[in-house]
Amino acid sequence: MRNIFLFIRRYFTFLAFLAFQAAALYFLFNYNRFHRARGLGWANEITGRINSNYKSVDDFFHLKAENQRVHRMNDSLLNLLPANFMKLDTSTQLVRDTLPYDTLGNYRRYIWRNARVVYNTVNQQKNYIQLNRGHEQGIRDDMAVINSDGCAVGVVVNTSPNFSQVMSLLHVQSKRSVAMKRSGNNGTIEWDGKNPLYLTLKNIPKSDSVVKGDTVVTSINSSFPAGFMVGTVAEIVDDKSTNFYVLRLKTAANFFNLQQVHVIENLQFEEQTKLLEETKKRIDNENRNSP
Amino acid sequence: MSELVRNIIRFILFILAQVYLLNQLHLHQYIIPYIYYLFILWLPFSVSRLGLLLIGFLTGLTLDYFSMQVGVHAAACTLIAYLRPFVINILAPKDSSEFNYREPSPRAMGWTPYLVYVLILTVFHHFYMTFLQWLQFGSFMDFLIKVVSTTGISMLLVITVELLFPRKMKFRTNTA
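Only a predicted model underlies this, so the values are computations on that prediction, with no experimental measurement involved.

Calculation notes
Position numbers for residues start from 1 in each chain and track the written sequence from start to end. Ligands are numbered from 1 and chains lettered from A, in the order in which they are written. The predicted nature of this model means local features are confined to residues of pLDDT at least 70 and side-chain atom pairs, given and counted, to a pLDDT of 80 or more, with totals for whole chains, interfaces and linings taken over all residues. Lines are fitted to the C-alpha atoms to define the axes, a helix being fitted only along its stretch in contact, and any angle between axes, read from their N-to-C directions, falls within 0 to 180 degrees. Each helix is a run of DSSP H or I of at least 4 residues and each strand a run of E of at least 2, with the numbering of both proceeding from the N terminus. Under this scheme an angle from 65 to 115 degrees is roughly perpendicular, one under 35 degrees roughly parallel, and one over 145 degrees roughly antiparallel; angles in between are oblique. We call a crossing left-handed when the near helix sits turned anticlockwise from the far one by less than a right angle, and right-handed when that turn is clockwise. For every residue pair, C-beta atoms are placed from the backbone, and the pair is scored as a contact if these atoms sit within 7 Å. Amino acids outside the nonpolar list (Ala, Val, Leu, Ile, Met, Phe, Trp, Tyr, Cys, Pro) and the charged list (Asp, Glu, Lys, Arg) are all regarded as polar, and Gly is one of them. Strands are labelled as partners when DSSP assigns at least two bridges between them.

> Before we go on, may I ask you to explain the packing of helix H3 (residues 49–67) of chain B against helix H4 (residues 72–91) of chain B in this structure?
When two helices pack together, you describe them by how their axes are tilted relative to each other and by the distance separating the axes. All names here are of chain B. Their axes nearest at 7 Å, the elements H3 and H4 cross at an angle of 155°. In terms of orientation, H3 lies roughly antiparallel with respect to H4. Seen along the crossing, H3 lies across H4 with a hand that is right-handed. In this structure, H3 contributes Arg49, Leu52, Leu53, Ile55, Gly56, Phe57, Thr59, Gly60, Leu61, Leu63 and Asp64 to the contact, and H4 contributes Val72, His73, Ala74, Ala75, Ala76, Cys77, Thr78, Ile80, Ala81, Tyr82, Arg84 and Pro85. Taken together, the residues of the contact of H3 with H4 break down into 15 nonpolar, five polar and three charged.

Take a look at the structure:
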C-alpha cells in the first residue's frame, strides 16, 4: 500500500499529464460520434458574446458590399409581391386562417428567419459558423442556412439559448444532397478540406450530359428548400472505374465574407423524418420475418 | 506590473490574436499560422510542473471553444506544457546553477538555445495537433506537408514577435 502511494507521489506530474490528455481526447472523439462537444453549449454563450462584439466592429468595413447584396435580394422579392399581379375575377373571395395557408390555399412549408454571422472560418478542415440566434429565438438543429445572395451555406448542428453553430459546407464531414438544375439528377456534395472555393459533387450518373458551367441547386431531399443555388460546375473528372461523374463545383456562396444569413425551418421536417424512420423499421421487420 | 497580471494580459492578447487575426487568414490549405502556444513557452521558470499542465490545458481549451473543435488544441498544449521543463533542462546553461532571468527569452537563454527550445516544442505541438486531425480526415502526405509548413510559418511568426516586442527583463538579483 505504501509503495502505491510512493509511486503516485513520484509520478504525480506524469499521471496528471495523462489525465489531462485523456480529458482532451475524450472531448475530441466524443464530439465526432454525437456531433456535440462537452460544454460547447455554455461555452457557445461566452464565445458568442465576445465574437458579436468583435463582429460589430468588423461589419463596418463590409457595409457597402452587403448593402448591395441585400438590395438585390429585396429587389427580387418585391417582384413577387401580390400587388404586382391583378386578379381577373374579384367577385368571390375565400377567407381562411392565413397562418398555415397562403392565398391560394397552399400549406406553408418553410419559415425564414434572419440571423447575423458572428464568427466564421475558412482555413480549417472543419469550419463552423456561429450565428447570433439560438433556441430561444426558434433555431433548432438541422435547419438550413442560406446567405443573403440565396446560396446554400450550411446546416445548424448545435444551439445554445442565444447563439447557434452551423456546420459550413466547408466541413470535411458535411454531406448534403443536391440536384443538377438542368436534369434534376440528385447527387451528394462533400468538401475535400483543401480549397474553400471548390466543393466536390459525386453520384451524378454519366447518362446526364453535364457541361462546364451547369448550375447545381439544393434538392428536396435535404433540409434545404429546393432550388437554391449551391454552385456551378467548374471541372468534370471522368472517373473511368464507375458510372458516375466526380464534379468540382465552384461555390455560389462567398464563404470569406458571410454576414447576413437566413435560417430556414422546414415545418414538415419532423413528419418527414418520422415517416422515414417508421418505413425503415417496417422494412427491417419484414426482412426479419421473411425466411 | 506583477507577474500574474502580465501573464493574464498576455493570455488574452495571444488568444485574441489567434482567434481574430490568424484563424481568419487564408494563406493556403497547408499553411495555418499559429502563435497562441507561445504563451505557454513564455511562462516564468518558477511555475511548477503541475501548474504548467493546468495552464496548458486551459489555454488549449479556450482556443478549442473559440474554434469549435473541442480537444485538439487542449491535447497539444498539454503535451508541450509537460515537455517544457525537460527541454529547458537540456538547454540550460551549464555554468550557472540557476537562471538569472524570470522567463525563457532570447536574452535569458541566448538566441540559439532559445530558438532550439521554441523549435522543439513547436514541432511537438504541430505534429500532435495535425496528427489528431489526420486521424479523422486526410491523407498521409497532407499530414506531413502540413506539419512542416505549419511549423515553418509558426517559427517565422515567433521570430518576428521576438524582434518586434523585445521583453525588457529585470536581472534577478539576490537583493530583490
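> When you look at the sheet that holds strand E7 (residues 186–190) of chain A in this model, what are you seeing that I'm missing?
One key point about sheets: their strands pair by backbone hydrogen bonds, in either a parallel or an antiparallel sense. Residue and element names in this part refer to chain A. Pairing in this closed barrel of six strands is antiparallel, and the strands run E6-E7-E8-E11-E10-E9 around the ring. Strand-to-strand twist in this sheet, taken as the mean axis angle between neighbours without regard to direction, amounts to 40°. Strand direction decides the pairing type here: strand E10 (residues 229–237) and strand E11 (residues 244–251), joined by six bridges, are antiparallel. Looking at E11, one finds that Glu235 is bridged to Arg248.

> What is the right way to look at the environment of Lys250 of chain A in this model?
Residues and elements named next belong to chain A. Mapped onto the elements of the fold, Lys250 is located in strand E11. As for Lys250 and Gly231, which are separated by 19 residues in sequence, their C-alpha atoms are 5.3 Å apart. Every residue in contact with Lys250, bar those within four places of it in the chain, is listed here: Leu197, Tyr198, Gly231, Thr232 and Ala234.

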